Amino acid sequence: MICIITGDIVGSRKIKDNWLADLKSALKQVSEQNSKWEIYRGDSFQVEVEPENAIKTAAYLKACIRVNKPADVRMGIGIGAVKSKRKKLSESDGDAFVNSGGAFDSLKQAKVNLAIKTDFPEFDEEINVMIRLALITMDSWGIVAAEMVKLALEHENLLQSELAVISGRTQSSVSEALKRAHYSELMDMDKLFRKKLNQILPK
């Protein structure tokens, strides 16, 4: 079982900021965990990650793009088996790819920027409700909040005082930005997602 995230940049033609470099950097950061990624059609991408890292990876990619306000990203998370794996992700096949494409295709109709699809409809329903609630906050991340979420996810073991040193901000401003981004609630959601996922994945 693998996870494929399919995404594209919202309104990329209207954005003059350096979102492409940030996207490449984010995908490289994620792929340090032996995952693969690919950018195609200019502003679309796919990345392979471990299923349990799906929510955290999606949050990280969103933060990396939201730094370039008003840029945003749409993503469909698909979890499933692999039928055939080729050098290019876009040429590979299997349920993970089909589910990811299905989740991505559902975004416009549902008017959301993130959704998940697996072979377990009840699981999908439950997690997608959590995702829609999380998006109320994530879709409104400002530049500073996005920067701090990005930094916190890159350095999960560091204290806020240490994040402050790295970012050149005060500890209180780091704390306020993460609170505004509802970072701790997002991490609680990630823990619950992992717990629920473990219950449906084959042992």
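No experiment lies behind these values; they were computed from the predicted model shown.

Chemist: Would you mind showing me how to read a nonpolar patch on the surface here?
Modeler: Together, Val129, Leu133 and Ile136 make up a nonpolar patch on the protein surface, roughly 290 Å² of accessible area in all. The topology assignment puts Ile136 in helix α5 (residues 121-138).

Chemist: Sorry if this is basic, but what is going on with the sheet that holds strand β2 (residues 37-40) here?
Modeler: For sheets, the rule is that strands pair by backbone hydrogen bonds, running either parallel or antiparallel. One open sheet holds the five strands; their spatial order is β2-β3-β1-β4-β5, and the pairing between them is mixed. Of all the strands in the sheet, just β2 and β5 (114-117) have a single pairing partner and so form its edges. In this sheet, neighbouring strand axes are inclined to one another by 15° on average, regardless of whether the strands run parallel or antiparallel. Where β2 meets strand β3 (residues 44-49), four bridges bridge the pair, whose relative direction is antiparallel. From the neighbouring strand, Glu38 faces β3, where its bridge partner is Gln46. Here helix α1 (residues 19-30) sits on the sheet and contacts β1 (2-10), β2 and β3; the angle it forms with β2, its principal contact strand, is near 160°.

Chemist: Got a minute to help me understand the environment of Glu50 in this structure?
Modeler: Take Glu50: it is sitting in the loop between β3 and α2 (54-66). On a C-alpha basis, the gap between Glu50 and Ala71 in space is 26 Å, while along the polypeptide they are 21 residues apart.

Chemist: Help me understand helix α3 (residues 95-105) in this model?
Modeler: Since one α-helical turn is 3.6 residues long, residues separated by three or four positions face the same way. Buried within α3 are the following residues: Ala96, Phe97, Asn99, Ser100, Ala103 and Phe104. Mapping the buried residues of α3 onto a view down its axis gives an arc of 165°, with all of them on the same face. In this structure, α3 carries Val98 and Asp105 as exposed residues pointing more than 90 degrees from its buried face. Looking at the buried residues of α3, the elements they touch are β1, β3, β4 (72-80), α4 (107-110) and β5.

Chemist: Got a minute to help me understand the confidence of the model for the chain in this structure?
Modeler: Low pLDDT means the predicted coordinates in that region are not meant to be read closely. Looking at the chain, the pLDDT average stands at 90 and 93% of residues meet or exceed 70. In the model of the chain, α1 stands out as the element of lowest mean pLDDT, 87, in contrast to β5, which has the highest, 98.

Chemist: Sorry, what's going on with the pairing of β1 here?
Modeler: As a general feature of sheets, a regular strand has side chains that alternate between the two faces. The buried count for β1 comes to eight of nine residues, which makes it a mostly enclosed element. Bridge analysis of β1 against β4 gives nine bridges, and the strand direction is antiparallel. Bridging from a neighbouring strand, Ile2 pairs with Gly80 of β4. Where β1 and β3 come together, six bridges link them in antiparallel fashion. Each residue of the ladder has a partner; that of Gly7, found in β3, is Phe45.

Chemist: Can you walk me through the layout of surface pockets in this structure?
Modeler: Any empty space left between atoms is shown by rolling a water-sized probe over those atoms. Estimates place the volume of the second largest pocket at around 170 Å³. Elements represented by at least two residues in the lining of the second largest pocket include exactly α3, β5 and α5. Among the elements that take part in the lining of the second largest pocket, β5 stands out by supplying four residues, more than any other. Along the lines of polarity and charge, the residues of the lining of the second largest pocket split into six nonpolar, three polar and three charged.

Chemist: What's the story with helix α6 (residues 143-154) in this structure? I'm lost.
Modeler: Taking 1.5 Å per residue as the helical rise, α6 with its twelve residues ought to reach 16 Å, and the 16 Å between its terminal C-alpha atoms agrees with that figure. Along α6, the residues that are buried comprise Ala145, Ala146, Met148, Val149, Leu151, Ala152 and Leu153. Summarising the contacts, the buried residues of α6 are in contact with α2, α7 (160-167), α8 (171-180) and α9 (183-200).

Conventions adopted
Residues numbered from 1 in each chain as written. Predicted model: local features only at pLDDT ≥ 70, side-chain atom pairs only at ≥ 80, totals over all residues. Heavy atoms only, no water. Patch = residues over 30% accessible without salt bridge, like charges linked within 9 Å, V, L, I, M, F, W, Y side chains within 5 Å. Areas by Shrake-Rupley, 256 points an atom, 1.4 Å probe, with all protein chains shown as cover. Salt bridge = Lys/Arg side-chain N within 4 Å of Asp/Glu carboxyl O. Helix = DSSP H or I, 4+ residues; strand = E, 2+ residues; numbered from the N terminus. Pairing = 2+ DSSP bridges. Axes fitted to C-alpha atoms, helices over the stretch in contact; angles between N-to-C directions. Contact = heavy atoms within 4.5 Å. Buried < 20%, exposed > 50% of the residue type's maximum accessible area, 1.4 Å probe, protein only. Arc of directions from axis to C-beta. pLDDT = per-residue confidence, 0-100. 1 Å grid on protein atoms, 1.4 Å probe; cavity = no way out; pocket = protein on both sides within 12 Å on 5 of 7 lines; lining within 4 Å. Points joined across faces, edges and corners; volume = space filled by probe spheres on them. Nonpolar A, V, L, I, M, F, W, Y, C, P; charged D, E, K, R; others polar. Expected span 1.5 Å × (residues − 1).

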